Amino acid sequence: MRRYKIGLRLWIALSSVVGFFGGWALLAHSPKPAPPEPQPAQIELAPLPTLAPIPSLNDRTGGFQQLPDLPPARLNSSRLRTGGS
Amino acid sequence: MEYLEFRAMNSDIVLAAEGDPGQISHGYQAARQLIEGCERRFTRFSAESELSLLNRSAGRWFSASAELLELVRLSLAYFHRTGGLFDPSILPDLKRAGYDRSMDELRWRGAGKEIPERRVLNPGFDTIRLDEDAGKIWLPSGMEIDLGGIAKGWIAERAARELGRYAPACAVNAGGDMYLVGAPAGQSGWEVALEDPRQPELALAVLNVGPGAVATSAITKRSWQQGDKRQHHLIDPRRGEPAVTDWLSVTAIAPHAASAEVFAKALLIAGSTGATELLAKNGEITFIAVDRQGKLWSTPDIMEMMNANDGAYQVAI
């Protein structure tokens, strides 16, 4: 009985080792998968929006600016004048 | 160019047109009838006007004309777009500041000397309800609205479009709120003089404006003495009192008169500190402001289109 047990253990150990190395050798010699070929991009990227410049923290005027001074002119006979009502 | 001048809506009205004199005469008649008819309907100074009837029916549904419905709908849209800086429901505050009669009468007789202390808060203009299918408006109890400025611009545009049926190039100027159709022969636009709010007899700039609308709001024109306070008609809805602003006038240029009128007013109330936020939400606004030192401020799009020319700015839109 004891011999039988030793024999069984040896057989399991040997078959495990042989199976492991056999599988290694099989995989090592099997054909490698071909690397994927580079494909041209299919997605057309939308153009990035043009971002407005970030206003300075010190710039309180933001979306408007001061115009250079010009001497006021006397209003002529223009009837299309605006100044509030 | 032929002109017709008359007084309506407590403003000097100027009609200008170029073309066949006979046709222009018919156009003037039609435009004037339209202006005077609309004034009767939308003035708050007549108890019989449609606007007064609407104000008196607050708390219940009111059957409105298509025109009044459109004006109230526009007002509601601009109330939201300006974050409440344009608010027609400030009428009780306007009356409290002394503007409880027409400007002509106020200038003649003056305001009451006492300033009422209590401010009556209304529930907010955005609480009004519209039933467009039934043509009805519902104002909450106690709310009164004044369509003054937006109605004037809207009327000017309608009158100009009516006049435009008779003359290819025409303009209607209603006390500085104007709508321009076409352009005078040989010119790219209309020359519009921008008054100096400190000295109205002087022009700070001349704008060359294409078809569309121009409107100016100023705190210097409709102003009066109430007790020891100098009051003006531009109420800041946030405070319920005449706006305290570093700008004296704002001129806005837009495709439609209602838009120009509303943003001129909202920008003036916002002043230089609040204008940035308003512009961030409404990037299409084009304006020129005049501050207390007489300096001009404008959106960059105006700058790109301007050339100094004989001491005047030329602006094309």
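Computed from a predicted model, the values in this text were never measured in an experiment.

Counting secondary structure elements, chain B contains eight helices and 19 strands. Structurally, chain B occupies a C-alpha span of about 55 × 45 × 40 Å along its principal axes. With 317 residues in all, chain B has 50% of them scored as buried. Looking at chain B alone, contacts between residues at least 24 apart form 62% of all its contacts between residues at least 6 apart.

Across its full length, chain A holds one helix and three strands. Out of the 85 residues belonging to chain A, those deemed buried represent 8%.

Moving on: the sheet that holds strand 3 (residues 61-63) of chain B. What links the strands of a sheet is backbone hydrogen bonding, and the strands pair in either a parallel or an antiparallel sense. Residue and element names in this part refer to chain B. Pairing in this open sheet of three strands is antiparallel, and the strands run 3-5-4 from one edge to the other. Edge positions in the sheet fall to strand 3 and strand 4 (129-131), since each of these pairs with one other strand and no more. Between one strand axis and the next, the sheet turns by 25 degrees as a mean value, whatever way the strands run. Bridge count for strand 4 against strand 5 (residues 136-138) is three bridges, and the pairing is antiparallel. Residue pairing for strand 5: D131 is matched across the bridge by K136.

Attention now moves to helix 7 (residues 257-281) of chain B. Here helix 7 of chain B spans only 19 Å end to end across 25 residues, well under the 36 Å set by a 1.5 Å rise per residue. The sharpest bend along helix 7 of chain B reaches about 125 degrees and sits at G271(B).

Let us look at the packing of helix 1 (residues 21-42) of chain B against helix 6 (residues 148-163) of chain B. Residue and element names in this part refer to chain B. In contact at an axis separation of 8 Å, helix 1 and helix 6 are set at 155 degrees when each is read in the N-to-C sense. Taken together, helix 1 and helix 6 sit at an angle that is classed as roughly antiparallel. Crossing angle aside, the handedness with which helix 1 passes helix 6 is right-handed. Across from G27, A30, A31, L34, I35, C38 and F42 in helix 1, the residues of helix 6 making contact are A151, I155, R158, A159, E162 and L163. Considered class by class, the residues forming the contact of helix 1 with helix 6 number 10 nonpolar, one polar and two charged.

So, about the nonpolar core. Residues and elements named next belong to chain B. Grouped together as the largest cluster of nonpolar side chains are 103 residues, with contacts concentrated most on A171, V172, A252 and L267. Among the elements that line this core, the one with the most residues is helix 7, at 14 residues. Every residue in contact with A252, bar those within four places of it in the chain, is listed here: A215, A260, F263, A264, L267, I285, T286 and F287.

The next subject is the environment of A151(B). Residues and elements named next belong to chain B. Tracing the chain through its elements places A151 in helix 6. The class for A151 is buried, based on 28 C-beta atoms found within 10 Å. In sequence terms A151 and P168 are 17 residues apart; their C-alpha atoms lie 24 Å from each other. If near-sequence neighbours (up to four positions away) are discounted, A151 is found in contact with F42 and L71.

All names here are of chain B. With phi around 55 degrees, M9 is a residue other than glycine that occupies positive phi space. For M9, the location among the structural elements is in the loop between strand 1 (2-8) and strand 2 (11-18). Classification of M9 by C-beta neighbours within 10 Å gives buried; the count is 23.

With that settled, the discussion passes to the sheet that holds strand 2 of chain B. Overall, antiparallel pairing links the nine strands, which are arranged 1(A)-17(B)-16(B)-15(B)-10(B)-7(B)-6(B)-2(B)-1(B) in an open sheet. Looking at which strands have only one partner, the edges of the open sheet turn out to be strand 1 (65-66) of chain A together with strand 1 of chain B. Sheet topology note: the strand 15 (residues 247-254) of chain B/strand 16 (residues 286-291) of chain B ladder contains six bridges and is antiparallel. Residue pairing for strand 16 of chain B: T251(B) is matched across the bridge by I288(B). Along the sheet, helix 1 of chain B contacts strand 1, strand 2 and strand 6 (169-174) of chain B; its crossing angle with strand 1 of chain B, the most-contacted strand, is approximately 15 degrees. In this fold helix 7 of chain B packs onto strand 7 (177-181), strand 10 (212-218), strand 15, strand 16 and strand 17 (296-298) of chain B, with an angle of close to 150 degrees to the strand it touches most, strand 15 of chain B.

Turning next to the packing of helix 6 of chain B against helix 7 of chain B. All names here are of chain B. Running from amino to carboxyl end, helix 6 crosses helix 7 at an angle of 150 degrees, the nearest separation of the two axes being 7 Å. When the axis of helix 6 is compared with that of helix 7, the two are roughly antiparallel. Of the two possible hands of crossing, helix 6 and helix 7 adopt the one that is right-handed. Note on element contacts: helix 7 touches helix 6 through A257, A258, A260, E261, V262 and K265, opposite G149, I150, K152, G153, W154, A156 and E157. Class assignment of the residues belonging to the contact of helix 6 with helix 7 gives a composition of seven nonpolar, two polar and four charged.

Let us look at the confidence of the model for chain B. All names here are of chain B. This prediction gives chain B a mean pLDDT of 86; 91% of its residues lie at or above 70. pLDDT under 50 marks residues 307-317. Its contacts with residues more than four places away, or in other chains, come to 32 contacts. What the predictor reports for the complex is a pTM of 0.76 with an ipTM of 0.72.

Attention now goes to the confidence of the model for chain A. All names here are of chain A. This prediction gives chain A a mean pLDDT of 75; 60% of its residues lie at or above 70. Looking at the elements of chain A, mean pLDDT is at its lowest for strand 2 (residues 73-74), recorded as 64, and at its highest for helix 1 (residues 2-29), recorded as 91. Per-residue pLDDT stays below 50 along residues 55-60; that stretch engages in three contacts with residues further than four places along the chain or on separate chains.

Turning to helix 6 of chain B, a few remarks are in order. Taking 1.5 Å of rise per residue, 16 residues should cover 22 Å, and helix 6 of chain B covers 22 Å from first to last C-alpha, within 8% of that figure. Most of helix 6 of chain B sits inside the fold, with 14 of its 16 residues counted as buried.

Conventions used here
Residues numbered from 1 in each chain as written. Chains lettered and ligands numbered in written order. Predicted model: local features only at pLDDT ≥ 70, side-chain atom pairs only at ≥ 80, totals over all residues. Helix = DSSP H or I, 4+ residues; strand = E, 2+ residues; numbered from the N terminus. Buried ≥ 20, exposed ≤ 12 C-beta atoms within 10 Å, placed from the backbone. Contact = placed C-beta atoms within 7 Å. Pairing = 2+ DSSP bridges. Axes fitted to C-alpha atoms, helices over the stretch in contact; angles between N-to-C directions. Expected span 1.5 Å × (residues − 1). Bend = angle between axes of the 7 residues up to and from the residue. Parallel < 35°, antiparallel > 145°, perpendicular 65-115°, else oblique. Left-handed = near helix turned anticlockwise from the far one by under 90°. Nonpolar A, V, L, I, M, F, W, Y, C, P; charged D, E, K, R; others polar. Core = buried A, V, L, I, M, F, W, Y, C linked by C-beta atoms within 7 Å. pLDDT = per-residue confidence, 0-100.

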